[in-house]
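Breakdown of the fold
Single-letter residue listing:
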Amino acid sequence: MTPLGSSEVVGNALRSSKALRASLALRHWLARKSRMTATPPKHQLWHPTRGISFSPVARSPNLAPQDAQASNGAAVAANQGHRVMPRSNDLDASSLYPKLEGLSLSTLGRHVPNLDGAASDAADTVDEKVGVASADKPAISSEAKIPSEPPVAALPYKIVDGLFYAAKKATAGSTESFWSYTQYRGAAEDGTEQKVKVHYCRSAHTMERVCKEYFMGEKVLGFDLEWAADTMKWQGLKRNVSLIQLASPSRIGLFHLALFADKDDMVGPSFRAIMEDENITKVGVAIKGDTTRLRNYLDIDSKGLLELSHLYKLVTYSAEGRYNEINKRLVPLATQVEQYLRLPLYKGQDVRSSDWTKPLNMDQVIYSASDAYAGLQLYATLEHHRKQLDPCPPIPHHAERNLPIRLADGVELATTDDPVVDATEEKDLEAAPAKPRTSSSKPQTPKDSRVEIAEDRVTCYKAAHPQARATFVQLRAYYMWHDQGLEPQTIAQLLRDPPLKTNTVVGYILWAIQLERLPVDGERLRQEIAGTMADGVLRSRWPVAAAAVAVPSS
């Protein structure tokens, strides 16, 4: 028989043991519950609602609302009171884009409808309430504070205040937060509110009619091009000039040359007259590179070209007295739009690099139409701000003339772009104090257009790939070799006088291929580059290029 004191000690020990086990079990259950209910890491392989996630890269959201069935009835009812009968050789918007008109901004994330079934020779009016989404954030200087009120209304078609403020309040990166042509409205002759209309032309006949009827009388037009990603010069017109965009205040023309029937004159006399008329100003970013494609593939000698980057820098830095920063380097369209139109512009890589040779889906329609229209609105806004400067500098010369940018006091800045330097040199230059730029008595030789085009291409690539490892000079040499079909010896002569060493240019090209995994023409690489090297050098230093030419192991 156990004594009473001993019994109490044992009982207390048992109760303490049970309490400890209960406490441990409770902690284990709470920890497990916390792991199950907590938000998973951004790149976790397993997600409790999505299951297994095989890619750590977030996909850009769909640009266009997709639930057409749910909202089409309301759209039809809303439009019955002001529908205009189509012309005999036109299709109504509903025939090319059935059940898309009047869609809500909120319907997002479903399957993107393709327009393959549309009539191939129709110029159709697209008039949707469609938002644009992006995962990309334009690079705005930390010094530039974006105002919260709508931009200056410099054209008859103005951004609707309600849509602007809704975009400002929307979640960053969401469909509703981005700038789009769909946010603009103008007044018709009878006073009714009008949206910007988009004409999607898939034949030369309808392109000619739309250009003649809607764009010939304009003094300023937004201009842009799209082409197939990673296309090569020898692949011809339809891959190198897949889509041409023009924009006036009230209309946007999308001319899908990739779908046109083959004929001697693919674009018709009206578009050719517009592009070759120096009295019709065409505005855009990297516009000389785009129009070089028109010259190479359509024999169009474009005139009246205004590079928006030049006007942007003139207006922005003149207002701040930073004249030494005014130059001809390109500024991404998205950067300019966010600063002066005060909303971010969608520049998602998934749409940018999509196949522009196939019938456009709604994401591509919105992307391409917004680019051209943004250029026009941006030009008008920059012009308004230029005229407010005191003293007021003259507008930059047309880009094809290769003349200096002029300041208000008559000083002419350098005709050519700033010297191109490697990334390591750029750091040293940024640390050095900037010196005011003065006019030089020695005439400067304009930079060869082939170099300018390649540098425009590099700027666009760098904007789209901020983590790119290849330097500016490496990418420039690559694009002159790959896109323009120039031999390394020719590139060496164009880049410098006296010429660079050919081996230096070859190294630039190979490092661009190696670091960025860029596409190459294996046969050209073998003949023009690999054949000039000692055995094993290509394979040991540039294995990516070696694989492209299938260099065998020794």
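Shown above is the structure to which this text applies.
Owing to the predicted nature of the structure, the values given are computational and were not obtained by experimental measurement. (Residues numbered from 1 in each chain as written. Predicted model: local features only at pLDDT ≥ 70, side-chain atom pairs only at ≥ 80, totals over all residues. Heavy atoms only, no water.)

Some words on the packing of aromatic side chains
- Evaluation of the coordinates by the stated rule reveals 12 aromatic pairs.
- Centroid distance phenylalanine 178 to tyrosine 346: 6.0 Å. Interplanar angle 90 degrees. Geometry classified as edge-to-face. Within this pair, whereas phenylalanine 178 is found in the loop between α4 (161–169) and β5 (184–187), its partner tyrosine 346 is found in the loop between α10 (333–340) and α11 (349–352), the two being separated by 168 residues in sequence. Like phenylalanine 178, the residue tyrosine 346 is buried in the burial classification.
- Relative to tryptophan 542, the ring of tryptophan 511 has its centre 5.8 Å away and its plane inclined at 75 degrees; by these criteria the two rings are edge-to-face. (Phe/Tyr/Trp six-rings, centres within 6.5 Å; stacked < 30°, edge-to-face > 60°. Helix = DSSP H or I, 4+ residues; strand = E, 2+ residues; numbered from the N terminus. Buried < 20%, exposed > 50% of the residue type's maximum accessible area, 1.4 Å probe, protein only.)

Observations regarding the sheet that holds strand β6 (residues 193–195)
- The antiparallel open sheet is built from 3 strands, whose spatial order is β4-β5-β6. Where the open sheet ends on each side, the last strands, each with one partner, are β4 (158–159) and β6.
- Summarising the sheet, β5 and β6 pair through 3 bridges and their orientation is antiparallel. What sits directly across from arginine 185, in β6, is lysine 195. (Pairing = 2+ DSSP bridges.)

Section: the nonpolar core
- Of all hydrophobic cores here, the largest spans 51 residues; its most connected members are Trp179, Ile252, Leu254 and Tyr373.
- If you list the elements that add at least two residues to this core, you get α4, β7 (197–201), β9 (243–247), β10 (251–255), α9 (308–319), α10 and α12 (362–388).
- The element that contributes the greatest number of residues to this core is α12, accounting for 13 residues.
- Judged by nonpolar contacts, the second largest core, of 36 residues, contains Leu475, Leu500, Ala512 and Leu518. (Core = buried A, V, L, I, M, F, W, Y, C linked by side-chain atoms within 4.5 Å.)

With respect to the environment of aspartate 355
- Positionally, aspartate 355 belongs in the loop between α11 and α12.
- Take aspartate 355: its relative accessible area is 34%, and that puts it in the partly exposed class.
- With 113 residues separating them in the primary sequence, aspartate 355 and serine 242 have C-alpha atoms 9.3 Å apart.
- At 2.5 Å, the side chain of aspartate 355 forms a polar contact with the side chain of threonine 357. (Polar contact = N/O pair within 3.5 Å; in protein donor to acceptor, adjacent residues only side chain to side chain.)

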